[in-house]
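Residue-level structure breakdown
Now for the letters of each chain:
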Amino acid sequence: MTAVHETRLNITGMGCASCVGRVETALRAVDSVTDASVNFATKVAQVTHDGPITRLTDALDAAGYPAATATASLKIEGMSCASCVDRIERVLQADPAVISAQVNLATEGATIQYVEGASDPLALARLCTDAGYPAHVAPVDEGATDKAQEATALTRTTLIAAVLALPVFVLEMGGHMVPAFHHWVHQTIGMQTSYLIQFALTTALLAGPGRVFYAKGVPSLLRRAPDMNALVAMGTGAAYLYSIVATFAPGLLPQGSANVYFEAASVIVVLILLGRAMEARAKGRTGAAIRKLVGLQPKTARVEQGGATVDRPIAQIVVGDILQIRPGERVAVDAVVLEGTSYIDESMISGEPIPVGKAPDDPVVGGTVNGTGALRVRATRVGADTVLAQVIRMVEQAQGAKLPIQGLVDKITAWFVPTVLVIALLTIAVWLIFAPAPALPMALVTGVSVLIIACPCAMGLATPTSIMVGTGRAAELGVLFRKGDALQQLQQAKVVALDKTGTLTLGRPELESITTVNGFDRDDVLRLAASIEARSEHPIATAITRAGPADLLQPVEFESLTGLGVRAVVEGREVLIGSPRFMDQGSVDLSELTPETDQRAAAGATPLFVAVDGRAAALLTVSDPIKPGTAEALDRLHAMGLTLAMVTGDNAHTAQALADKLGIDHVTAEVLPDGKLNAVNALRDRFGALAFVGDGINDAPALASADTGIAIGTGTDVAIETADVVLMSGDLRGVANAVEISRRTMRNIRQNLGWAFGYNAVLIPVAAGVLFPFGGPLLSPALAAAAMALSSVFVVTNALRLRRVRATLPERQAEHQPQTVTS
């Protein structure tokens with residue numbers, strides 16, 4: 001069976017939002033493609049297919065939107081003969097992203113052409129390394145693929161265009177603004193010479209900085225798939241050609257209509273280039289979150305090898321390598337601590353600013369920052385398997401996804417440019433028929449204004465730019481939207497259902513309180529109990545031992561009675577620990593502890609009794625404690641207008657006690673995993689759209705069934721894979737952050753779409769001159785160009801406001817302090 005691939009392609013040649021539908025149509029026409037989604041903001045296509053990638057690239061070439069390719073240079077070790085060359089070339093060419101691979105034995109290098117977005121140099125180097133030929137990436141020039149360089153190049157082009165356009169604008173428009181200047185030009189150089197100067201400068205401008213519009217626009221017209229560049233090319237071309245006729249053959253034009261519009265063609269190009277430069281700079285900032293995550297990856301690591309420590313490129317690290325992490329360094333890959341203790345800043349993963357203590361056997365995550373201690377670690381996950389690589393992959397997938405709302409936008413933009421062309425032709429025809437003489441110049445001005453002012457780009461950018469910034473900001477707060485449409489679904493939620501164990505609570509029992517009677521000392525009783533329970537592996541016994549002192553006693557005659565408790569002798573004293581029934585068997589009087597027992601049990605705690613030499617000594621209560629920050633998170637969700645529900649397999653009494661303490665509105669208890677699924681469906685039927693929060697394998701069906709499944713990042717892989725949203729820390733305040741970002745992002749998208757559609761709906765008729773019969777003005781092509789340029793800039797700049805979204809609740813220092821036991 002042919003393997004199914006998920007491939008990302010960087011698409012070139014897309015000039016406006018209407019190109020998105022054409023690229024998707026071309027890709028979906030390939031028989032091996034099952035799904036294709038194109039993001040105009042990132043110029044990335046995500047394709048699900050089961051055939052060679054060349055089918056995709058050929059289809060894109062034929063459609064006029066070729067996939068971007070890149071070249072990687074590798075340095076390869078261990079090659080000894082021509083057969084090694086052949087073996088490496090076959091390994092590389094087997095990668096679906098590779099177009100060609102050439103390996104040179106003499107230089108010990110490889111030059112690989114691959115489809116940009118579908119792979120990267122590090123992944124290609126790892127293919128060679130895994131094949132037994134250690135490889136690392138040689139420096140490559142990423143030039144034009146860099147967003148900053150693209151913006152710089154556009155700025156430089158705009159400046160050149162402005163220098164050429166300024167004299168044209170002054171010569172033509174200066175006379176309209178200052179009549180004396182018009183007379184001065186007429187008396188010194190003459191109007192014909194002025195027209196010739198304007199012609200020369202405008203020709204240079206259109207052939208130089210403005211050439212891009214014709215190079216992309218004319219082919220799109222010939223393919224009968226006009227785009228934004230085609231509109232600009234037709235508008236400026238019409239003004240330029242009309243002006244040439246007016247300059248060199250004015251007799252061909254009707255009397256009084258031999259006017260030149262060189263300044264319109266020049267200024268239009270300058271303003272649109274300026275808009276694109278501003279847009280490129282703004283769009284560069286929309287991907288800041290991804291670049292920040294990628295920048296967390298160290299380039300090299302200190303590896304123990306043959307008794308020495310050597311610096312090795314990250315691509316050459318393999319599972320099992322022993323690494324040294326010095327104070328202040330970033331952890332190279334996911335690993336487990338072998339020696340040393342330190343504090344690690346994991347804020348890039350969890351969003352929590354407090355460093356986490358690490359000791360032997362503790363895991364560390366690649367990209368996190370080591371504190372003041374030195375660590376010796378063993379690599380456990382490398383390359384694409386690391387947590388950081390998975391986070392980057394999830395954010396990229398979410399940013400490239402299409403929300404349901406985008407479907408309508410795509411249908412409109414697919415027909416937008418042809419519709420504008422029809423409107424422009426109708427505008428010219430109406431003005432030629434009904435306008436007073438001379439009608440031709442007015443028809444030209446209005447027709448060009450319609451072509452120039454129309455802006456499908458703003459509509460195309462409205463949704464994807466907001467998604468990019470919103471999901472990126474969410475990742476910085478420790479919230480990962482694994483599926484882009486979860487952004488739209490989550491803000492529609494009316495009820496949030498939560499699992500109990502491991503979600504609302506820590507998921508492990510802790511000693512909650514100690515109440516002593518009959519004159520027994522609290523510390524002495526805890527030491528006796530911890531010494532005995534250290535012999536047991538029961539979770540409750542472990543909780544008591546954890547709360548006890550380090551210097552435990554040695555019990556003798558230890559006996560465990562299943563379902564009842566334990567008995568032992570410590571320092572000559574007989575100690576019983578267990579249930580009321582166990583105490584009854586030992587004739588221990590618990591009457592003095594009964595009121596406290598009932599009160600603690602009503603609050604959901606599990607009571608245990610300690611008796612020493614036949615007398616009641618203490619009541620111990622053990623409970624699964626509520627996670628720090630949970631109460632604040634639930635209060636915030638309530639303030640957002642959400643209904644809260646708990647769905648748990650625990651007994652109804654314990655669940656209701658916890659719900660009363662946290663203010664949860666609805667409780668469904670004592671349910672099996674399939675029962676959770678039924679409970680979720682019942683809650684959805686009663687309250688509406690539902691988000692479910694869980695962490696375990698038994699939560700997977702409910703996470704999958706919910707409108708939005710939210711998994712705790714500290715939970716199981718099955719739960720995380722099933723969820724739509726992942727919280728990188730176990731803090732439930734991340735749920736409030738996720739809902740806030742979802743709501744803010746969708747509000748931002750609605751603002752962008754409202755602007756984009758409203759702009760075109762209002763200004764295209766104004767450009768066509770509908771206000772002129774009522775005494776209104778005609779819109780000049782230059783003003784139309786300015787409006788069009790600023791429309792896209794507005795959309796992208798508005799999306800960038802999402803970078804300022806803050807956590808809905810502040811982090812608290814106190815919750816990271818050791819837990820105390822009440823007495």
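Small disclaimer: the values here were computed from a predicted structure and weren't measured.

**Here's the deal with the overall build of the protein chain**
- When its secondary structure is counted, the protein chain shows 29 helices and 29 strands.
- Projecting the C-alpha coordinates of the protein chain onto the three principal axes gives extents of approximately 125 × 75 × 55 Å.
- Out of the 823 residues belonging to the protein chain, those deemed buried represent 52%.
- Sequence-distant contacts, at least 24 apart, represent 69% of the contacts inside the protein chain between residues at least 6 apart.
- Of the roughly 35400 Å² of accessible surface on the protein chain, a fraction of 57% belongs to carbon and sulfur atoms.
- Computed over 64 positive and 77 negative side-chain charges, the inter-centroid distance for the protein chain is 9 Å.

**Points about the sheet that holds strand β21 (residues 565-570)**
- The sheet built from six strands is open, its strands ordered β19-β24-β23-β22-β21-β20 with antiparallel pairing. The open sheet has two edge strands with one neighbour each: β19 (510-516) and β20 (556-561). With strand direction ignored, the average angle separating the axes of adjacent strands in the sheet is 15°.
- Across four bridges, the pairing between strand β22 (residues 573-578) and strand β23 (residues 606-612) is antiparallel. In the strand pairing of β23, V575 is matched with V612.

**Let's talk about the packing of aromatic side chains**
- Counted under the stated rule, the structure contains eight aromatic pairs.
- The interplanar angle of 55° and the centroid separation of 5.4 Å between the aromatic rings of W431 and F772 together place this pair among those described as tilted. Of the two residues, W431 is situated in helix α14 (residues 404-434) and F772 in the loop between α28 (733-768) and α29 (781-800); the sequence distance between them amounts to 341 residues.
- The exposure class assigned to W431 is buried, which follows from its relative accessible area of 9%.
- One aromatic cluster is present, formed by F199, Y240, F248 and F262 through successive ring pairs.

**Brief notes about the nonpolar core**
- L9, F481, L504 and L637 are the most contacted members of the largest nonpolar core, which totals 137 residues.
- Ranked by the residues each element gives to this core, the list is headed by α28, at 13 residues.
- Ignoring anything within four residues of it in the chain, the contact list for L637 reads L642, L644, V735, A736 and V739.
- By size, the runner-up hydrophobic cluster in this structure holds 24 residues, among which are L526, V575, I577 and V622.

Analysis parameters
- Residues numbered from 1 in each chain as written.
- Predicted model: local features only at pLDDT ≥ 70, side-chain atom pairs only at ≥ 80, totals over all residues.
- Heavy atoms only, no water.
- Helix = DSSP H or I, 4+ residues; strand = E, 2+ residues; numbered from the N terminus.
- Buried < 20%, exposed > 50% of the residue type's maximum accessible area, 1.4 Å probe, protein only.
- Contact = heavy atoms within 4.5 Å.
- Areas by Shrake-Rupley, 256 points an atom, 1.4 Å probe, with all protein chains shown as cover.
- Lys, Arg positive; Asp, Glu negative; His and termini not counted.
- Charge placed at Lys NZ, Arg CZ, Asp CG, Glu CD.
- Pairing = 2+ DSSP bridges.
- Axes fitted to C-alpha atoms, helices over the stretch in contact; angles between N-to-C directions.
- Phe/Tyr/Trp six-rings, centres within 6.5 Å; stacked < 30°, edge-to-face > 60°.
- Core = buried A, V, L, I, M, F, W, Y, C linked by side-chain atoms within 4.5 Å.

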